[in-house]
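Report on the structure
So the chains spell out like this:
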Amino acid sequence: MAESLTITDNRTGKTYEVAIEDGAVRATSFEQLSLTADDHGLLVYDPAFMNTASCRSAITYIDGDKGILLHRGYPIEQLAERSTYLETAYLLVHGELPTPQQAAEWKQEITHHTLVHENIKKFIDGFHHDAHPMGILISTVGGLSTFYPQATDIHDEEQRRISIYRLIAKMPTLAALAYRHSLGLPYNYPDNELSFAGNFLNMMFKMVELKYEPVPEIEHALDVLFILHADHEQNCSTNAMRAVGSSHPDPYSATAAAIAALYGPLHGGANEAVIRMIERIRSVDRVPEFIDGVKAGKERLMGFGHRIYKNYDPRAKVIKKMADQVVDVTGSSPLLDVARELEKIALEDDYFVSRRLYPNVDFYSGFIYQALGIPVEMFPVLFAMSRTAGWLSQWEESLLDKEQKIARPRQIYVGEQRRDYVPLGQRTSAIDQHAG
Ligand code: CMC
C-alpha cells in the first residue's frame, strides 16, 4: 500500500494496515481494531469535529493558515471585485460561471420566484411587533414547505431546481417582510426590474414613492457583502443543512434548520454581537480595559477568531476596505474608531497573537450594514439570505454523493450501567438508588 498507516494495537499486539486517501483515513478502518468478536471496534472521538472531514466537496476551498478562500476555484477577492451575488450563486450551485444566456435565464428564474403566498404575510402578522427577525425567518422558511408539498420529491432534479430558485428568490422577500413587520410598515412587493440587491433595498425601504431608486454605491456594497457570505464550506449552519438534509426532508425544512444554526452568537449572530459589544465599549479610551477583561476570560472579543482561519480572514480584508470607503461617503463613525483600536491592540497583544486570533468576516460587516441604514437585528438575516446559495449547493452535492447516508454519529457512553427501577415511595436520595 503506497499511502498507508501501520497501526499496532498495544492491547492485543495485532498490527493493521490502514489506507490513506486524499490526506485522510476512514474512521471505519478503525472498526477492525477490536478486543473481542462482539466488540464493535475502536471509535474515533472528535467532539465539535475538530479533525473530521464529513464529506468530499468540490464547492469551496479554504486554506486557513494562508488566508485563502476559493469558490469552485475562483478567489473570493476576484469574485467580490468582478462578479455579482447572483452570478456567484450560480457558480456555487452549478460549478461553473454562467454563459451570458445561462446568466439571463438564471436571473429570470430567480426574479420570477420572488413573490410569496399572501398567507405568509398573515402568518408574519401573528408575530409580536418586536419579534427577532431571525425567529420570523426560521418559521416562515420552514412554513414555505407547506406551500410546496412537491418539494419533498428531492430525488427529482426538476423539483430540486425549482426549490433552489424559490429559496434564493424568496429569502430577501421574507427578510424584508420581517423588517417591515417590526416597524409596523406596509409590506412592499418585489420590483422585478431591479437587481437582486436593489430589489432587497426596495422591499426594505420603499415608502410612498412610485418607483424605488437604489443608490448605486449602496446597492453595490450590499451585493459585495452578499458575495462574501455566499458559502464557507463545512461551517456550523452548512453542517446543519447537510445533517438535516441527510434524513431527506424537503429543502425548506433543512434550510430552516440551517438558519437556526446560523442564529447563534458564535456563528452568524456574531456581526450583531460585534456592534452590541462596541456600543458597550463606546470610546477608544475604554478599549484597553475591555481587552484586559477578554484576556481574563470574562468575555470574548466578538468578530475575532475562527476555527479554520489562523490568519486574517480574506473576507474581512475586503470588508475592512469597503467599510473605509463607505465611511468616506457617510462620514466617520465613532464606533468604527473603537473597532479599529480594538483590532490594533489585539493584533499586537500576545494573548491574541499566540492563539492566532484575527478579525473574521463579522468584525467589520456590521458597520457597513449600519451605514446602509440596516438595523442590528437584521444583520444575521442578511447573512442567512446570502448563505442560502451555499447551503443549497452543499445540500444538493450531499444528496448526489453516493457515499453519504443519514448523518448519525456514534457516542462514548459515560452514564450509569444497567440498574433496576426503584418505586417512587422507596426513593429518598440518589445514594439509595445507587445502593438499590
Ligand atoms: N476572544 C477571546 N478569546 C478567544 C476568542 C475570542 N473571540 N476566540 C477564541 N478565543 C480563545 C479561547 O478562549 C481559547 O483560549 P484557551 O486556549 O486559552 O482556552 C482559544 O482562543 C481557542 O478558542 P476555541 O474556542 O477553542 O476556538 P474555536 O475554534 O472552538 O472557536 C470561534 C472559534 C469562532 C467560535 C471563536 O473564535 C469565537 O467564539 N469567536 C467569537 C465569535 C465570532 O466572532 N464568531 C464568528 C465566526 S466567523 C463567521 C461565522 O462562522 O459565522
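Numbers given to residues run from 1 along each chain, matching the order in which its sequence is written. Given that this is a predicted model, residues contribute local features only at a pLDDT of at least 70 and side-chain atom pairs are listed and counted only at 80 or more, while totals for whole chains, interfaces and linings are drawn from all residues. Just so you know, side-chain values use all the structure's heavy atoms and leave hydrogens and water out.

Re the overall build of the chain
- In terms of regular secondary structure, the chain is built from 18 helices and six strands.
- Our radius of gyration looks at C-alpha atoms and nothing else; its globule reference is 2.2 Å times the residue count to the power 0.38. Relative to the globule expectation of 22 Å for 436 residues, the C-alpha radius of gyration of the chain, 25 Å, shows essentially globular dimensions.
- For the chain, the spread of C-alpha atoms along the three principal axes comes to 75 × 65 × 60 Å.
- A 1.4 Å probe rolled over the protein chains alone gives each residue an accessible area, and that area as a share of the maximum for its type sets the label: buried under 20%, exposed over 50%, partly exposed in between. Sorting the 436 residues of the chain into buried and exposed places 48% on the buried side. We count a stretch as a helix when DSSP gives it H or I for four or more residues in a row; a strand needs E for two or more, and each element gets its number in order from the N terminus.

As for the sheet that holds strand β2 (residues 14-21)
- When DSSP finds at least two bridges between two strands, those strands are taken to pair. An order of β1-β2-β3 is seen for the three strands of this open sheet, with the pairing classed as antiparallel. At either margin of the open sheet sits one strand with a lone partner, and together these are β1 (4-9) and β3 (24-25).
- As defined by bridge partners, β1 adjoins β2 across six bridges and the pair is classed as antiparallel. Residue pairing for β2: L5 is matched across the bridge by V18.

Looking at helix α6 (residues 157-183)
- What a helix is expected to span follows from its residue count: subtract one and scale by 1.5 Å. The end-to-end C-alpha distance of α6 is 40 Å, a good match for the 39 Å that 27 residues give at a rise of 1.5 Å each.
- Two axes enter the bend calculation: one fitted to the seven residues ending at the residue in question, the other to the seven starting there, and the bend is the angle between them. Of all the bends in α6, the greatest reaches close to 35 degrees and is centred on K170; the proline P172 follows between one and four positions later.
- Pairs of N or O atoms within 3.5 Å make up the polar contacts considered here, provided that, within protein, one atom can donate a hydrogen while the other can accept it, and that residues adjacent in sequence are counted only when both atoms are side-chain atoms. A distance of 3.0 Å separates the backbone nitrogen of E158 from a side-chain oxygen at the start of α6, and that oxygen is part of D156.
- Just downstream of α6, G184 is the residue with a positive phi angle, here 70 degrees.

Examining the site of the ligand
- As a matter of local geometry, the ligand sits amid 20 residues, with H267, R300, L301, G303 and R307 nearest to it.
- Here an oxygen atom of the ligand sits 2.6 Å away from a polar atom, N or O, in the side chain of H267.
- Side-chain polar atom of Y351 to a nitrogen atom of the ligand: 3.0 Å apart, as the coordinates give it.
- In isolation the ligand exposes 930 Å². Once the protein is present, 73% of that is buried. It suffices for a single heavy atom of a residue to lie within 4 Å of a molecule or strand for the residue to be listed as near it. Using the Shrake-Rupley algorithm and a 1.4 Å probe, accessible areas are obtained, with residue cover drawn only from the displayed protein chains.

Structural notes on the packing of helix α5 (residues 133-147) against α6
- Packing of α5 against α6 leaves a shortest axis separation of 9 Å and a crossing angle of 135 degrees. Looking at the two axes, α5 sits oblique to α6. Here the hand of the crossing between α5 and α6 comes out right-handed. Each of P133, I136, L137, T140, V141 and L144 in α5 lies in contact with α6, whose residues at this interface are L167, K170, M171, L174, A175, A178 and H181.
- Counted by class, the contact of α5 with α6 contains 10 nonpolar, two polar and one charged residues. Angles run from 0 to 180 degrees between N-to-C directions of axes, and those axes are lines fitted to C-alpha atoms, restricted for helices to the stretch in contact. Angular relationships are summarised with four words: roughly parallel below 35 degrees, roughly antiparallel beyond 145, roughly perpendicular across 65 to 115, and oblique for the angles in between. Helix crossings get a hand from a simple test, with the near helix turned counterclockwise from the far one by less than a right angle marking a left-handed crossing and a clockwise turn marking a right-handed one. Throughout, a residue-residue contact means that at least one pair of heavy atoms, one from each residue, lies within 4.5 Å. Note on residue classes: Ala, Val, Leu, Ile, Met, Phe, Trp, Tyr, Cys and Pro are nonpolar, Asp, Glu, Lys and Arg are charged, and everything else, Gly too, is polar.

Describing the sheet that holds strand β4 (residues 60-63)
- Read from one edge to the other, the open sheet built from three strands follows the order β4-β5-β6, with strand pairing classed as antiparallel. Of all the strands in the sheet, just β4 and β6 (74-75) have a single pairing partner and so form its edges.
- Two elements, strand β5 (residues 68-71) and β6, share two bridges in a ladder whose sense is antiparallel. Paired with H71 across the bridge in β6 is Y74.

Remarks on the domain arrangement of the chain
- Annotation comment: domain bounds sourced from an automatic or database domain assignment. Partitioning the chain into domains gives domain 1 (4-49) and domain 2 (65-411).
- Domain 1 and domain 2 are separated by 39 Å when their C-alpha centres are compared.
- Each side of the interface is counted separately: domain 1 has five residues, and domain 2 has five residues.
- Take a side-chain nitrogen of Lys or Arg and a carboxyl oxygen of Asp or Glu: if they are within 4 Å of each other, that pair is a salt bridge. Taken together, the connections running from domain 1 to domain 2 amount to one salt bridge.

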